[in-house]
Amino acid sequence: MTRKPGSTQRVLIIYFSGTGNTWLMADAIAREFGRNDIKTDLFALEQVQCKFDFSPYSHIGIGFPVYAWCFPSNMRRFLKRMPNGQGKRAFVFSTMQDKSWGSEALAARYLKRRGYKVISARAFLVVNNETIYYGPADPRAPWTLEMIEKMKAQAPGFVAEILSGKGEIERNDVLHVLASQLTGIAFDMLDGYLASRNFLILEGCTNCGVCERVCPENNIFGSLTWPQFRNRCLMCERCVNYCPEKAIVHPLHRIPYSDIRYRAPGYHPPRLRPPTRWEVMPDADVLPGLVAEND
Ligand SMILES: Cc1cc2nc3c(=O)[nH]c(=O)nc-3n(C[C@H](O)[C@H](O)[C@H](O)COP(=O)(O)O)c2cc1C
Ligand code: SF4
Ligand code: SF4
């Protein structure tokens, strides 16, 4: 096969995805780079642990779901600690159900501060996975699948924009960026630290351990006896959506104990750690945090 001129390029995409929408988009983008003969490595944020070597890559892509008009707190930590980009090209994408305000522009500013040249930062509309305030989309509904296809269909345009070097940073103005920064910080403080401790476990829990294994923040322990929550939740709602018994709910649920849970088709969250009994309180630091090159 004749290699195209751009094939010396190599892309690294680091994404966080609670329930799979962002993973679907990351995958669609990676495939599109592949069609352009550009090798792309995809990593889930919770699997990127330390001293990640960015040097083989020509482009770094960052993807996240929008939470409260901003990015999740694990992504904020990562963006602040990324290795110095030294002018490396970067792009940002988010998935959302409605509005992201300046989330992508804010992420682009964090990247710029770390020395990256951000070519493009875009939000992609898809469906809701959030169970507490609005209720999630039905993953099997035709409308959901249609929205997913519409989102993925935008990958070629996005990649073309990145490769042309003439992309756009959406809503890159002070008002949007400030709104995202403020709501993001407020959300991290209020929802992340207060609301997340209040998850309820219903009697249907079979102590299967799935919630503990899939939690990206090691926020759940003791699931082989009775799941307990620490106070460092992202509110990604992965535990709520992946509990096979639908036994995790929240007192603030507007649609109490709805039967619908959202999991994007084909997505399997990384299984991070073995489940525990509550008697054996796991070491809080069993999962290494994100420690990047400059730390
Ligand atoms: C806690 C929480 C807050 C959310 N806030 C927003 C929001 O402010 N704006 C929006 O458009 N979507 C919001 N959403 C919806 C998600 O961004 C959207 O469903 C996303 O595609 C989920 O991606 P994932 O499946 O990769 O986790 C929120 C979802 C959650 C769980
Ligand atoms: S995933 Fe659900 S059923 Fe399994 S331990 Fe957690 S709460 Fe219980
Ligand atoms: S406790 Fe649940 S909602 Fe919170 S970070 Fe873990 S999986 Fe996500």
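Residues numbered from 1 in each chain as written. Chains lettered and ligands numbered in written order. Predicted model: local features only at pLDDT ≥ 70, side-chain atom pairs only at ≥ 80, totals over all residues. Heavy atoms only, no water.

Under the annotation held in an unreviewed UniProt entry, the protein carries the name 4Fe-4S ferredoxin and is attributed to candidate division WOR-3 bacterium.

Q: Just checking my understanding: could you explain the side chain of Arg76 for this structure?
A: Looking at where Arg76 falls in the secondary structure, it is placed in helix α2 (residues 73–81). Side-chain polar atoms of Arg76 contact the side chain of Gln181, separated by 2.7 Å. When neighbours within four sequence positions are excluded, Arg76 is seen to be in contact with Cys70, Phe71, Tyr110, Gln181, Gly184, Ile185 and Asp188. (Helix = DSSP H or I, 4+ residues; strand = E, 2+ residues; numbered from the N terminus. Polar contact = N/O pair within 3.5 Å; in protein donor to acceptor, adjacent residues only side chain to side chain. Contact = heavy atoms within 4.5 Å.)

Q: How should the site of ligand 1 be read in this particular structure?
A: Near ligand 1 lie 23 residues; those nearest to it are Ser17, Thr19, Thr22, Val66 and Asp98. Measuring from an oxygen atom of ligand 1, one finds a side-chain N or O atom of Thr22 at 2.7 Å. One of the backbone nitrogen or oxygen atoms of Val127 is found 2.7 Å away from an oxygen atom of ligand 1. Surface burial for ligand 1 is 94%, taken as the share of its 640 Å² of free accessible area covered by protein chains. Elements represented by at least two residues in the shell around ligand 1 include exactly α1 (21–35) and β4 (89–96). Residues of the shell around ligand 1, tallied by class, amount to ten nonpolar, ten polar and three charged. (Near = heavy atom within 4 Å. Areas by Shrake-Rupley, 256 points an atom, 1.4 Å probe, with all protein chains shown as cover. Nonpolar A, V, L, I, M, F, W, Y, C, P; charged D, E, K, R; others polar.)

Q: Looking at this structure, how should I read the pairing of strand β3 (residues 59–65)?
A: Put simply, side chains in a regular strand alternate between the two faces of the sheet. Across the seven residues of β3, seven count as buried, placing the element largely inside the fold. Burial along β3 is two-sided: His59, Gly61, Gly63 and Pro65 facing one way and Ile60, Ile62 and Phe64 facing the other are all buried. Here strand β1 (residues 10–15) pairs with β3 via five bridges, running parallel. Considered in β3, the bridge of Tyr15 is made with Gly63. Note: β3 against β4, seven bridges, orientation parallel. What sits directly across from Ile60, in β4, is Ala90. Between the parallel elements β3 and β4, the chain passes through α2 in a crossover that is right-handed. (Buried < 20%, exposed > 50% of the residue type's maximum accessible area, 1.4 Å probe, protein only. Pairing = 2+ DSSP bridges. Right-handed = clockwise from strand over helix to strand, strands pointing away.)

Q: What should I look at first to understand a positive patch on the surface in this one?
A: A surface patch of positive charge is lined by Lys80, Arg109, Lys112 and Arg113. When residues in the positive patch are grouped by element, the largest group, three residues, is from helix α3 (residues 103–113). Locating Arg109 in the fold gives a position in helix α3. (Patch = residues over 30% accessible without salt bridge, like charges linked within 9 Å, V, L, I, M, F, W, Y side chains within 5 Å. Salt bridge = Lys/Arg side-chain N within 4 Å of Asp/Glu carboxyl O. Lys, Arg positive; Asp, Glu negative; His and termini not counted. Charge placed at Lys NZ, Arg CZ, Asp CG, Glu CD.)

Q: Any chance you could explain the sheet that holds strand β5 (residues 117–125) here in plain terms?
A: Think of a sheet as strands paired side by side through backbone hydrogen bonds, with each pair either parallel or antiparallel. Taken together, the five strands give an open sheet; going across it, the order is β2-β1-β3-β4-β5, and neighbouring strands pair in parallel fashion. Strands at the two margins of the open sheet, each flanked by one partner only, are β2 (39–44) and β5. Averaged over all neighbouring strand pairs, the angle between strand axes comes to 15 degrees, with direction disregarded. Strand contacts of helix α5 (residues 155–164): β3, β4 and β5, with the helix running at about 170 degrees to β5, the strand carrying the most contacts. (Axes fitted to C-alpha atoms, helices over the stretch in contact; angles between N-to-C directions.)

Q: Please clarify how the packing of aromatic side chains should be interpreted in this entry.
A: Scanning all chains against the criterion turns up eleven aromatic pairs. Measuring from centroid to centroid gives 5.5 Å for Trp23 and Tyr267, while their planes differ by 40 degrees, and the two rings are tilted. Here Trp23, found in helix α1, pairs with Tyr267, found in the segment after β9 (248–249); they are 244 residues apart in sequence, far enough to count as distant. A single burial state applies to Trp23 and to Tyr267, both of which are buried. Aromatic side chains Phe33 and Phe91 sit 5.8 Å apart centroid to centroid with 40 degrees between the ring planes, which places their arrangement in the tilted category. Separated by 58 residues along the polypeptide, Phe33 in helix α1 and Phe91 in strand β4 bring together distant segments of the chain. By relative accessible area, Phe91 is classed as buried at 0%. (Phe/Tyr/Trp six-rings, centres within 6.5 Å; stacked < 30°, edge-to-face > 60°.)

Q: What exactly am I supposed to notice about the packing of α2 against α3 here?
A: When two helices pack together, their arrangement is captured by the angle between the axes and the distance separating the axes. With their axes 8 Å apart at the nearest point, α2 and α3 run at an angle of 30 degrees to one another. The angle between α2 and α3 places the two elements in the roughly parallel class. Residue-level inspection shows Arg76, Leu79 and Lys80 of α2 in contact with α3, the latter providing Ala107, Tyr110 and Leu111. Class assignment for the residues of the contact of α2 with α3 results in four nonpolar, no polar and two charged. (Parallel < 35°, antiparallel > 145°, perpendicular 65-115°, else oblique.)

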